[in-house]
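Survey of secondary and tertiary structure
Listed below are the residues making up each chain.
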Amino acid sequence: MLLALLSLSILVLMPMGTILINSAYQDGHWHLTSLFRQLVDSYTLSVLWNSIQLAFLVTIVATLFAAPLAWITVKTEIGRHKWLDIVILIPFMTPPFIDSMGWMIFMRPRGYLEQLLPGLAGLQTGFFSLAGMVLIMSLSLFPFMYLVIKNSLLRINASVEEAAIIYGASKLRILLKVFLPLLISGYLMGALLVFVKTISEFGTPATLGKQIGYYVLTTEIHRFTSTWPIDFVKASVLSLVLLTTSMLMWMGQLYISNNYQYQLISGKGNKLRIIALSPWQHSACWLVIAFILALSIGIPYFSIAATALIDLAGLGLSWDNLTFKHFAEVFSFESEAFSALLNSIQLSLYAATICTALGIWYGLTVVRGQSHLTKIIDFASLLSNTVPGIVVVFGLILFWNSPSNPLPLYNTKGMLIITYVVLFLPYTVQYVKSAAEQISSNLNDAAEVSGASEFYRFSRVTLPLILPGVIAGWAMSFIIGQRELVGSLMVKPPGFETSATFIFSEFDQGNTSLAMATALVVVSVTVSMLAGLKVIESRQGVR
């Protein structure tokens, strides 16, 4: 157990502590007054305000997209189409920076909107603004809010609604006095999580936000760590602000979870009241679904695919301008794109395998232990999933780039692997914990009484039972490794590219067709694998 805590201290806790030390300790002295001045100066407050404003607006708009879909799939017969849940999750599975690129190509001057619908070209100006950022990020995050609201609706028994109807309550009064109070706690937890994910997001602010001059905490942290003049002190201060804001949101989520939960499921079963729709209402519901899916999937994926197939961007959409040469370049053994794809596969294989081994170790330690050290191990193993990714990566940079660190890992592939391991570790730990918690301790006790060694008990009893969770955790780590941007961008060695950094740099340099061809390959594979993983998990849940 002490060894597990020591390894987590090196991987997670010490890098996080380095951020706090670096923001206030310089040249051998503590500068708390200077730290306070930097925390409250106009620049820091303006960047913080931009992040909070963006997160607040995205939470509202994501709710407007998610709430109608949740109501339709729970309260009407349309919900019997289970494939809708998988399709609605596709935007959440798509890397946000690729979504942003698709939308930017679609909406830019002489883009696909102007070519297909010239009368709507006036929308271009409004898109390249804060409103466009809010739209893109809302379309990326609304599936998360959809799941939260849907699960809350599923927990409301039909008897509650029927009792209100018997007492003569109108539909509006039932909505305001029955549904809203029962939904509010679940919704607030979902809203806080969406808020945290928005202020932690790097991809969309780094693509569209950079173009319109809207700077947030994540993009400014990246700027101070990657653009001359490098200023690690300023990056530390901004990381501390982002970390504090995120932790306050998580504390709010935990407070609501612990104090404002209603017990809605009893031993009588949980029957739902399905609303019968008239033909026009049925059509209207499908139109709502089609509209939201067209915005969240249709437009960005159309732009990505069309751009990948276009020979010359200046000639626009035409049959004579279609080509597969960009895909041929992606799969050419000597191309930079193919090298980047191989690099991502190699790094993800190493990182996922290490994560799996560590996840089994930490997960079983947490499930079987009862001491205070166990709680610390549980906290540390999941910390990188609650802290914004860019803060985790910056902490790793400070720790492993320190002159006092004896291991020369910085600017090597090993640094990338460590970064991936720290970022993806919570997935394997959670999957292993979830599987291990379902195993009765009697099985292990019976094997021990029969004289089985500890290794034999693990290999013949525990491992076979947690294997589905282990495989799912490995697969999730591997899939996310194919699309990891912020960690790869900040710690990759010079001249080394992953699929995400290659797409990002090619798009930034104007080579959009090759960037989108690579993106389409990565997105198609990862989304298919994630969707397959979700299908398997749902079937196992039914069993």
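What counts, and where the lines are drawn
Residues numbered from 1 in each chain as written. Predicted model: local features only at pLDDT ≥ 70, side-chain atom pairs only at ≥ 80, totals over all residues. Heavy atoms only, no water. Helix = DSSP H or I, 4+ residues; strand = E, 2+ residues; numbered from the N terminus. Expected span 1.5 Å × (residues − 1). Bend = angle between axes of the 7 residues up to and from the residue. Buried < 20%, exposed > 50% of the residue type's maximum accessible area, 1.4 Å probe, protein only. Polar contact = N/O pair within 3.5 Å; in protein donor to acceptor, adjacent residues only side chain to side chain. Phe/Tyr/Trp six-rings, centres within 6.5 Å; stacked < 30°, edge-to-face > 60°. Lys NZ or Arg CZ within 6 Å of the ring centre and 35° of its normal. Core = buried A, V, L, I, M, F, W, Y, C linked by side-chain atoms within 4.5 Å. Domains from an automatic or database assignment. Contact = heavy atoms within 4.5 Å. Buried area = accessible area lost by both parts, 1.4 Å probe. Salt bridge = Lys/Arg side-chain N within 4 Å of Asp/Glu carboxyl O.

1. Remarks on helix H19 (residues 413–436)
With 24 residues, H19 extends 33 Å between its outermost C-alpha atoms, agreeing within 8% with the 34 Å of an ideal straight helix rising 1.5 Å per residue. A bend of about 45° at phenylalanine 424 is the largest found in H19, and the proline proline 426 appears one to four places after it. With 19 of 24 residues buried, H19 is to be regarded as a mostly interior element. A distance of 3.3 Å separates the backbone nitrogen of glycine 414 from a side-chain oxygen at the start of H19, and that oxygen is part of threonine 412.

2. Regarding the packing of aromatic side chains
Applying the stated criterion across every chain, the model contains 15 aromatic pairs. Stacked on the ring of phenylalanine 144, the Lys or Arg lysine 197 has its end atom at 5.5 Å from the ring centre. In this arrangement the basic side chain of arginine 223 is found over the ring face of phenylalanine 224, its NZ or CZ atom lying 4.4 Å from the centre.

3. Digging into the nonpolar core
Core analysis: the largest hydrophobic core is formed by 153 residues, its most contacted members being Tyr362, Ile503 and Met516. No fewer than three residues from each of domain 1 (41–322) and domain 2 (326–542) sit in this core. Residue contacts for isoleucine 503: discarding those within four places in its chain leaves Phe97, Ile98, Met101, Ala515, Met516, Thr518, Ala519 and Val522.

4. Some points on the domain arrangement of the chain
Its domain assignment divides the chain into domain 1 (41–322) and domain 2 (326–542). One C-alpha centre belongs to domain 1, the other to domain 2, and the line joining them spans 25 Å. At the interface, 39 residues of domain 1 touch 34 residues of domain 2. Per-residue buried area on domain 1 facing domain 2 is highest for Met93, Phe97 and Met101; these three make up 19% of the total on that side. For the interface between domain 1 and domain 2, the tally reads one salt bridge. Across the pair aspartate 508 and lysine 210 runs a salt bridge, and its minimum N-O distance is 3.8 Å. Between the two partners, domain 1 and domain 2, sit four residue pairs in polar contact (both at pLDDT 80 or more). Counting residues per element, the ones that place at least two in the side of domain 1 that touches domain 2 are helix H4 (83–93), helix H5 (96–107), helix H11 (203–212), helix H12 (217–226), helix H13 (232–259) and helix H14 (279–309). For the side of domain 1 that touches domain 2, the element with the highest residue contribution is H13, accounting for nine residues.

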